[in-house]
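In case you want the letters, here they are:
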Amino acid sequence: HGAGTQPILAVRPASGALSTVILFYQRTGAGAWNLIAGPGVSTSDDSDAFHLMYDGTTYHLIFGALQPVYAYREVRYRTSTDLSTWSAITYLEQVTTAYTPPHEDRGLAACMDSAGDIHIAYTIPSGSNYVLKYNKRTSGTWGTAATIETIGAVSSGQNRAIHLSLVTDADNVPHLFGVK
């Protein structure tokens, strides 16, 4: 939710000129969806997964970026108070080694707990393996990403966690689920 109590819908077109832009729509009281003014937010490259969270004053956008020829994989973060003006990109993770097969794995999950802290989990190539990592933003500062586990060899192309889901419980303890 954002401005008022109406939900916000974030969409990235699959192809065309806007395929590197996330567009935002807000539901009206009449039930229609209206495009929010502004160009959306640029992801610079193909964004294979993204999560938008709102803490009451600021929108937080976490997204995975995948260079079209699979030359790198990144986890990025941006903020906005109005969905039109965005902060510079903060790079939470960058891998600049080309991998074969491609590593478009959509392994990215994020959530905000009741204290307003942001939790993220993601898969990313590391050396010859895929690893599952976790990071947390507390009081406006990102921690150091921790490796949860090594999932498997990059060369196999199938040994990576995909379709991750991350939630926190009533005590703000994160719980991660995924298909491996």
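The structure under discussion appears in the preceding block.
Residues numbered from 1 in each chain as written. Predicted model: local features only at pLDDT ≥ 70, side-chain atom pairs only at ≥ 80, totals over all residues. Heavy atoms only, no water.

Engineer: Just give me the short version of the pairing of strand β7 (residues 73–80), but keep the residues and values in it.
Structural biologist: Counting buried residues in β7 gives 8 out of 8 residues, a clear majority hidden from the surface. Alternating positions in β7 separate into two faces, Arg73, Val75, Tyr77 and Thr79 on one and Glu74, Arg76, Arg78 and Ser80 on the other, with burial throughout. With 5 bridges connecting them, β7 and strand β8 (residues 90–95) associate as antiparallel partners. Each bridged residue has a counterpart across the sheet, and for Glu74 the counterpart in β8 is Gln94. (Buried < 20%, exposed > 50% of the residue type's maximum accessible area, 1.4 Å probe, protein only. Helix = DSSP H or I, 4+ residues; strand = E, 2+ residues; numbered from the N terminus. Pairing = 2+ DSSP bridges.)

Engineer: Can you explain a nonpolar patch on the surface? Please cite residues and give values.
Structural biologist: Taken together, the side chains of Leu9, Val11 and Trp33 make up a nonpolar region of the molecular surface, amounting to roughly 230 Å² of accessible area. As for its position among the elements, Leu9 is in strand β1 (residues 8–11). For Leu9, a relative accessible area of 36% translates into the label partly exposed. (Patch = residues over 30% accessible without salt bridge, like charges linked within 9 Å, V, L, I, M, F, W, Y side chains within 5 Å. Areas by Shrake-Rupley, 256 points an atom, 1.4 Å probe, with all protein chains shown as cover. Salt bridge = Lys/Arg side-chain N within 4 Å of Asp/Glu carboxyl O.)

Engineer: Describe the side chain of Asn135, with residues and values.
Structural biologist: You can see Asn135 is positioned in strand β11 (residues 129–138). One polar contact links the side chain of Asn135 to the main-chain carbonyl oxygen of Gly143, over a distance of 3.2 Å. (Polar contact = N/O pair within 3.5 Å; in protein donor to acceptor, adjacent residues only side chain to side chain.)

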